[in-house]
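Residue-level structure breakdown
Here is what each chain is made of, one letter per residue.
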Amino acid sequence: MQPDLERARGVAQLLRALPQETAAPYDFREFQHRAQHRTRATRGQTLAAGALLTLMVIAVSVRFFAPAPPAAAPPWVANTAALAPEARSALMEHWLASLPQEPAVVHLGTRAAVTGLEDRIAQLDDLLSAARAAGEARSQLQVLQQERVRLVGTLVQVRYAETLADDSL
Amino acid sequence: MTRLAQTAVAEEVLAQACAGDETARAALYAALASPTLTLIRRMVGQRCLAEDIFQDTMMIFFERLPQYRREAPLGAWLRQIAISRCLMYLRSPWRRARAYLEVADLPCTAAAVLVTPGYRGEAIDVERALASLPPTARAVVWMFEVEGYSHQEIAHAFGRSVSFSKSQLARAHARLRAWFEPQENATSCNLT
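In what follows, the accompanying structure is described. Note that the structure is predicted; figures quoted are calculated from it, not measured. (Residues numbered from 1 in each chain as written. Chains lettered and ligands numbered in written order. Predicted model: local features only at pLDDT ≥ 70, side-chain atom pairs only at ≥ 80, totals over all residues.)

**Things to note about the overall build of chain A**
When helices and strands are tallied, chain A shows five helices and zero strands. Walking chain A from its N terminus toward its C terminus, one meets helices and strands in the order α-α-α-α-α. Each of the 169 residues in chain A was classed as buried or not, and the buried ones make up 11%. Long-range contacts, defined as pairs at least 24 residues apart, comprise 83% of the intrachain contacts of chain A with a sequence gap of at least 6. (Helix = DSSP H or I, 4+ residues; strand = E, 2+ residues; numbered from the N terminus. Buried ≥ 20, exposed ≤ 12 C-beta atoms within 10 Å, placed from the backbone. Contact = placed C-beta atoms within 7 Å.)

Take a look at the structure:
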């Protein structure tokens, strides 16, 4: 044990006897220059990291919290303005029938709007059938028909927005 | 003790440096830079790496200088900053892996790189022996044997147990003894 202790002391003495560095690696002016350079680099890295983080937060927000895209009618709807309400409604319903039953990504708000519109159109269909069966006046039927066309047009806008959102994924 | 902890600085110069005077700070730098770099080199080994940590240490030193409360000698305060920076480096996992590859796998070659040019005779052997140690063991043996830290203080600095400090020191001693007793354990290198 004693020889080990002495050897340890000997090692410690050798380590303590190691010489110092003879000079500073560079002078104070160079130190300041390097310090400024490093501070700028660190600040740049911090800014870059902050910008990256901000972009990521924005991307996530847009992906998950952005409202459904604003409704806009398909371009061909504008060309049907001169058509009779029945013909216009038939064209729009044909386009709606060509769409898949469910969009690729279901937005709850949009889906509720679609379901509500489809329900109201179905109610109007019932009213129109009943009115025709009851022999209601033509003007009364036209009012119901125009309302139905308006609802179908709104439904086209909402479904069109859904297809645009799907395409952007 | 190394020269760093014992370095004396005139009170007037220190007060001016704390107030931000550039001339006084340059004087402090001239007095403290060399022993600081020596300490860091002993702790981490390679000179280029030591210069990098040295720059960090001195930047922190001057940044915090107005907050220096004179509870310890200035050199001891700077030594604490330097050792803290060295241990941050040693604790970093990817840097530890790099140091392992550079030093532990090739002790003889690494030792040759680590030796300070201009040293003569026995100092070269001692420095090679120190360089042959794994980085953590080298830091522990230096802190304990030269800087005068206790096992508790080393354990606290590394965030490990006292047993860790003791075992690292024992292994370091064993390797250093083997280095200086080549007739019993031929691990040394004949570098000319």
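Past the structure itself, the notes keep going.
**Re the interface of chain A and chain B**
It is common to report an interface's size as the accessible area lost on association of the parts. The interface is formed by 19 residues belonging to chain A together with 26 residues belonging to chain B. Residue contributions to the side of chain A that touches chain B peak at seven residues, all from helix α1 (residues 2-16) of chain A. Here the residues of the side of chain A that touches chain B are counted per class, giving 13 nonpolar, one polar and five charged. (Nonpolar A, V, L, I, M, F, W, Y, C, P; charged D, E, K, R; others polar.)

**Considerations on the packing of helix α5 (residues 74-91) of chain B against helix α9 (residues 135-145) of chain B**
Each pair of packed helices can be summarised by the angle the axes make with each other and by the distance between the axes. All names here are of chain B. Close contact between α5 and α9 brings their axes to 10 Å; oriented N to C, the two are set at 160°. Taken together, the axes of α5 and α9 lie roughly antiparallel to each other. Along this stretch, α5 crosses α9, giving a crossing that reads as left-handed. Here α5 contributes I83, C86, L87 and L90 to the contact with α9, which in turn contributes P135, T136, A139 and M143. Looking at side-chain class alone, the contact of α5 with α9 contains seven nonpolar, one polar and no charged residues. (Axes fitted to C-alpha atoms, helices over the stretch in contact; angles between N-to-C directions. Parallel < 35°, antiparallel > 145°, perpendicular 65-115°, else oblique. Left-handed = near helix turned anticlockwise from the far one by under 90°.)

**Considerations on the nonpolar core**
With 45 residues, the main nonpolar core has I40(B), M43(B), C86(B) and V140(B) as its most contacted residues. At the level of secondary structure, the elements contributing two or more residues to this core comprise α3 (22-44), α4 (47-64), α5, α8 (122-131), α9 and α11 (162-180) of chain B. Looking at this core, the element that brings in the most residues is α3(B), giving eleven residues. Beyond its immediate stretch of four places on either side in the chain, C86(B) contacts I40(B), M43(B), V44(B), I53(B) and A139(B). Listed in part, the nine residues of the second largest apolar core include M92(A), V149(A), V152(A) and A161(A). (Core = buried A, V, L, I, M, F, W, Y, C linked by C-beta atoms within 7 Å.)

By themselves these figures say nothing about function.
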